[in-house]
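Listed below, chain by chain, are the residues.
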Amino acid sequence: MKKKVYRKSIIKVSDLYKSFNNNIVLKNINFELLEGESLAIIGESGSGKSVLLKNIIGLLKPDRGSIKIDNTEMVNLQRNSKEEILLRLGITFQHGALFDSLKNWENIIFKIANQDKMNKKEGKKLAFAIIKQLGLKPEILDLYPSEISGGMQKRVAIARAICGNPKILLFDEPTSGLDPVTGSLIDKLIKTAVKTIGGSAITITHDMASVCRIADKVILIDKQTISWSGTPREMFVSENTKIQEFIKPINSEIFFK
Ligand SMILES: Nc1ncnc2c1ncn2[C@@H]1O[C@H](COP(=O)(O)OP(=O)(O)OP(=O)(O)O)[C@@H](O)[C@H]1O
Ligand SMILES: [Mg+2]
């Protein structure tokens, strides 16, 4: 008999509600991310995916519910303790959010540089080692975010998130606006981070090919709540009409031979 392996809970969201004035965005949200797992969150534009991520990282406060990271309750946690936990996370925001006044290499090592005192040479060396995996050239390190293309900025933001090998990765639309080749590079990177360093990832995406490549588990946000969850394979036999709409453009044979 196969021995059951119990994996650690990395993020657990229970009974989460969030509204803005009278606009209910999320209700009764429950899900768990386990150690070594890659979770994809899908849903139509405006369904509340980014709002969910912002609740998890404490940028927004839920109206109700619990968010546990590494078994610590984050809602109402004191600022210092919260910041200490958030340092374990690598996050990218949907709209980049790089520091305009810092060069790209300074952006990339920002979190680490604050913790470990690092000189310029070491910092740039580390930043270069990361951007190489993302198909970026060393020339961009000394430029400012405004001097590189949107797709490059996106990759610098990803480099910043993975710098220091955080065990928990949260990506909001990491491949949107990127060409398919760069998109698959990012997918590989997410997979590698999860599989080789035993990390866990949540990726919000509209890119269903990417979902098939990176996710162990998928959740669909629809009508303010999680209306479907399952594996990428299960999406292709699902009777949920919204899931069917999402997977329509995808040829499953490419992913599941
Ligand atoms: N700070 C805010 N104040 C008021 N309403 C907000 C705020 N942030 C988000 N919303 C609303 O919450 C809803 C969900 O927004 P959210 O950004 O989470 O959508 P999304 O699923 O990430 O969409 P997309 O795929 O386009 O990124 C939208 O109706 C949006 O207008
Ligand atoms: Mg969003």
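Model, not experiment: these values are computed from the prediction. (Residues numbered from 1 in each chain as written. Chains lettered and ligands numbered in written order. Predicted model: local features only at pLDDT ≥ 70, side-chain atom pairs only at ≥ 80, totals over all residues. Heavy atoms only, no water.)

(A) Here's a closer look at the coordination of the magnesium ion (ligand 2). Taken together, the protein donors to the magnesium ion (ligand 2) comprise Ser50 (OG) and Gln94 (OE1), at separations of 2.0 to 2.2 Å. Of the two residues, Ser50 sits in helix H1 (residues 49-56) while Gln94 sits in the loop between strand S6 (89-92) and helix H3 (104-108), which places them 44 residues apart along the sequence. Relative accessible area serves as the criterion here: at 18%, Ser50 is assigned to the buried category. Look at Gln94 and you get partly exposed, because its relative accessible area is 30%. (Donors = N, O, S within 2.8 Å, 3.2 Å for Na, K, Ca; no water. Helix = DSSP H or I, 4+ residues; strand = E, 2+ residues; numbered from the N terminus. Buried < 20%, exposed > 50% of the residue type's maximum accessible area, 1.4 Å probe, protein only.)

(B) A look at the sheet that holds strand S3 (residues 38-43). Strand order in this open sheet of six strands is S6-S7-S8-S3-S9-S10, and the pairing throughout is mixed. Of all the strands in the sheet, just S6 and strand S10 (225-230) have a single pairing partner and so form its edges. Direction aside, the axes of adjacent strands within the sheet are offset by 15° on average. Pairing analysis gives four bridges linking S3 to strand S8 (residues 200-204), with the strands arranged parallel. Bridge assignment links Ser38 to a residue of S8, and that residue is Ala201. (Pairing = 2+ DSSP bridges. Axes fitted to C-alpha atoms, helices over the stretch in contact; angles between N-to-C directions.)

(C) Spotlight on the pattern of salt bridges. Per the stated rule, a full pass over the model turns up 14 salt bridges. Lys18 is paired through a salt bridge with Asp63; the nearest N and O atoms lie 4.0 Å apart. Of this pair, Lys18 sits in strand S1 (residues 9-20) while Asp63 is found in the loop between H1 and strand S4 (64-69), placing the two residues 45 residues apart along the sequence. On the accessibility criterion, Lys18 (9% relative accessible area) is buried. Asp63 gets classed as partly exposed once you look at its relative accessible area, which sits at 45%. Here Asp222 and Lys223 are joined by a salt bridge, their closest N and O atoms 3.7 Å apart. Residue classification places Asp222 among the buried positions, given a relative accessible area of 13%. (Salt bridge = Lys/Arg side-chain N within 4 Å of Asp/Glu carboxyl O.)

(D) Quick look at the pairing of S8. Taking burial as the measure, the five residues of S8 include five buried ones, the bulk of the element. Burial along S8 is two-sided: Ser200, Ile202 and Ile204 and Ala201 and Thr203, pointing in opposite directions, are all buried. Where the polypeptide runs from strand S7 (residues 168-172) across helix H7 (residues 180-196) and back to S8, its parallel neighbour, the crossover connection is right-handed. (Right-handed = clockwise from strand over helix to strand, strands pointing away.)

(E) Layout of the nonpolar core. If you look at the biggest cluster of nonpolar residues, it comprises 45 residues, and the most contacted ones within it are Ile42, Ile108, Met208, Val211 and Met235. Top contributing element to this core by residue count: helix H6 (residues 150-162), with six residues. Once you skip the residues sitting within four places of it in the chain, Ile108 turns out to touch Ala127, Ile130, Ile131, Leu141, Val156, Ala159, Arg160 and Cys163. Within the second largest apolar cluster, 29 residues are counted, among which are Leu53, Ile168, Leu170 and Ile219. (Core = buried A, V, L, I, M, F, W, Y, C linked by side-chain atoms within 4.5 Å. Contact = heavy atoms within 4.5 Å.)

(F) Examining helix H5 (residues 120-132) more closely. Taking 1.5 Å of rise per residue, the 13 residues of H5 would be expected to cover 18 Å, and the 18 Å separating its terminal C-alpha atoms lies within 8% of that figure. Along H5, the residues that are buried comprise Gly123, Ala127, Ile130 and Ile131. Axial view of H5: buried residues confined to an arc of 95°, hence all on one face. Facing away from the buried side of H5 by more than 90 degrees, the exposed set consists of Lys121, Lys125 and Lys132. Buried residues belonging to H5 abut H3 and H6. (Expected span 1.5 Å × (residues − 1). Arc of directions from axis to C-beta.)

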